[in-house]
Amino acid sequence: MRRSVADCVIGRSRKFLNGLLGGADKRRRQVIPELVQGILKSGSLVLSRISREMIRGEKTLEGLEKHFSVQLASFYWKDGGLRRRMLQTASTYVEADTLIAVDLSDIAKPRARKMEGLGYVWDGSEGEVSRGYWTFEAYARRGKGKIIPVLNFAYSLDLPPGRISEVGMVEGAFREMTQVLGERGVYLMDRGFDGVELMSRLEPLKARFVLRLRGDRIVFNEEGEALGSEEELARRTPCPHTCWLPRKGIPIRVGFHPVRLHGLKRPYWLVVAWFPDAETPVMFLTTEPVRSELDAAKIAGWYSARWVVEEAIRVLKQELGLESPRVHSFRAIERLTQLAYLAMLLVTTLLDLPEKTLYRLKRLCPIFERPCNQEYYRLIWGIQALLKRRPTGRIVL
């Protein structure tokens, strides 16, 4: 018998959340699905908007909003290791050479004054320094336009009793990922991760990565002789091979050189890419063996896939409201943003529905014909239309 789109989506969602919340207490097994559904329906992390979408029966808007606020700030929040379970779920999509883009983003709170752990972040939306919190975000690229949130969380470097360094936080995140993924996946990092201390901490984890370089570090050859700075070596490296950069269609000249780093035992390769009319080369450091110009071109192409991070952050901020969570404590922000990442992971699992079901789901949205290169936008719009048309079709357990 043919199942309706609503039955397929709601059934898959309940099964997904049941699996992740198996170790949570009874209250969390009720509250978390309600919040996830409210986030998907409202496209917001503002509790009043979430409550307005989830109100039913004799409950009042003020009472439901207070209920969610108290639960998110509760000291008795036992979600059964939700973050770890989400990572394990995402790991099923990660294969040996799956590209995992890593970046640090922000949650700006410019009007906040008394929230604990407030620091200063760069608000990319406004182009200025603002009060707020940082987020660590890692996404795996799965085919064209498909993004899997691997490990994502909000953090503060200024929480009492003692401050944690950013290097220590990043090391902890990579350790958490490598414990689950092992040596699967290739991490793509920008220049913000280019630091001697971080490199020394990542080496024992045996993580495979492609890192864009600043160019000011001294590198060495196999015999330990200094070759000059990375930029000086890059300018001397022959780049006879020309290739076309994927997605952008830009011709670039590439070359490579094996290098060693001071104090590190692992072999690395410096990949050099010259863009048309550029005065400075783009430099990458990678743990992947580079034996030819074709391998170097592959590394440059891999790094261009790091744009999935920007796409994922845009989806989260525009469609799931990550840009402006409205709660009263960092503990609540940390949990609410985790549920936004959970909602995105849920959307990712729905991409595994049969093609005809996905098409019918997207057709529920009246703006289906709107041009869009991101599958997530269309799918989220379809889910929102489905849940609003069928308010009794709840994904609550």
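Reading the values: rules and limits
- Residues numbered from 1 in each chain as written.
- Predicted model: local features only at pLDDT ≥ 70, side-chain atom pairs only at ≥ 80, totals over all residues.
- Heavy atoms only, no water.
- Helix = DSSP H or I, 4+ residues; strand = E, 2+ residues; numbered from the N terminus.
- Rg over C-alpha atoms; globule rule 2.2 N^0.38 Å.
- Buried < 20%, exposed > 50% of the residue type's maximum accessible area, 1.4 Å probe, protein only.
- Contact = heavy atoms within 4.5 Å.
- Areas by Shrake-Rupley, 256 points an atom, 1.4 Å probe, with all protein chains shown as cover.
- Lys, Arg positive; Asp, Glu negative; His and termini not counted.
- Charge placed at Lys NZ, Arg CZ, Asp CG, Glu CD.
- Phe/Tyr/Trp six-rings, centres within 6.5 Å; stacked < 30°, edge-to-face > 60°.
- Patch = residues over 30% accessible without salt bridge, like charges linked within 9 Å, V, L, I, M, F, W, Y side chains within 5 Å.
- Salt bridge = Lys/Arg side-chain N within 4 Å of Asp/Glu carboxyl O.
- Core = buried A, V, L, I, M, F, W, Y, C linked by side-chain atoms within 4.5 Å.

Colleague: What am I meant to see in the overall build of the protein chain here?
Modeller: Within the protein chain, the secondary structure is distributed over 13 helices and 12 strands. Whereas a compact globule of 397 residues would reach a radius of gyration of roughly 21 Å, the protein chain reaches 23 Å, a difference of no more than 12%. Structurally, the protein chain occupies a C-alpha span of about 75 × 55 × 40 Å along its principal axes. Residue burial in the protein chain is summarised as follows: out of 397 residues, 55% are buried. The contacts in the protein chain between residues at least 6 apart in sequence include a share of 62% that link residues at least 24 apart. Taken as a whole, the protein chain presents about 18700 Å² of accessible surface, with 50% of it coming from carbon and sulfur. Taking the average location of the 64 positive side-chain charges in the protein chain and that of its 47 negative ones, the two points are 9 Å from each other.

Colleague: Please explain the packing of aromatic side chains as it appears in this structure.
Modeller: To describe a pair of aromatic rings, one takes the distance between the centres and the angle between the planes. For the structure on display, the rule yields 7 aromatic pairs. Ring plane angle 40° and centroid distance 4.7 Å describe the contact between Y133 and F330, whose orientation is recorded as tilted. One end of the pair, Y133, is in strand β3 (residues 128-141); the other, F330, is in helix α11 (residues 330-350), and 197 residues separate them in sequence. The buried category is assigned to F330, whose relative accessible area is 5%. Judged by centre distance (6.4 Å) and plane angle (80°), the rings of F136 and F174 are edge-to-face. Highlighted residues: F136 in strand β3 and F174 in helix α6 (residues 166-181), separated in sequence by 38 residues. Taken individually, F136 and F174 each receive the classification buried, so the pair is uniform in this respect.

Colleague: Just checking my understanding: could you explain a positive patch on the surface for this structure?
Modeller: Together, R49, R52, R111 and R326 make up a region of like positive charge exposed at the surface. Note that R49 resides in helix α3 (residues 47-54).

Colleague: I would appreciate a short explanation of the nonpolar core in the present structure.
Modeller: Most often, soluble globular proteins keep nonpolar side chains buried together rather than apart. Ranked by internal contacts, the top residues of the largest apolar core, which has 118 residues, are F136, M177 and L342. The element contributing the most residues to this core is α11, with 14 residues. In this structure L342 touches F16, L17, L20, I32, V36, L82 and M86, once residues within four positions along its chain are discounted. Counting 21 residues, the second-largest nonpolar core is a separate cluster that includes V254, V271, V290 and I299.

Take it as geometry only, folks, not as evidence of what the structure does.
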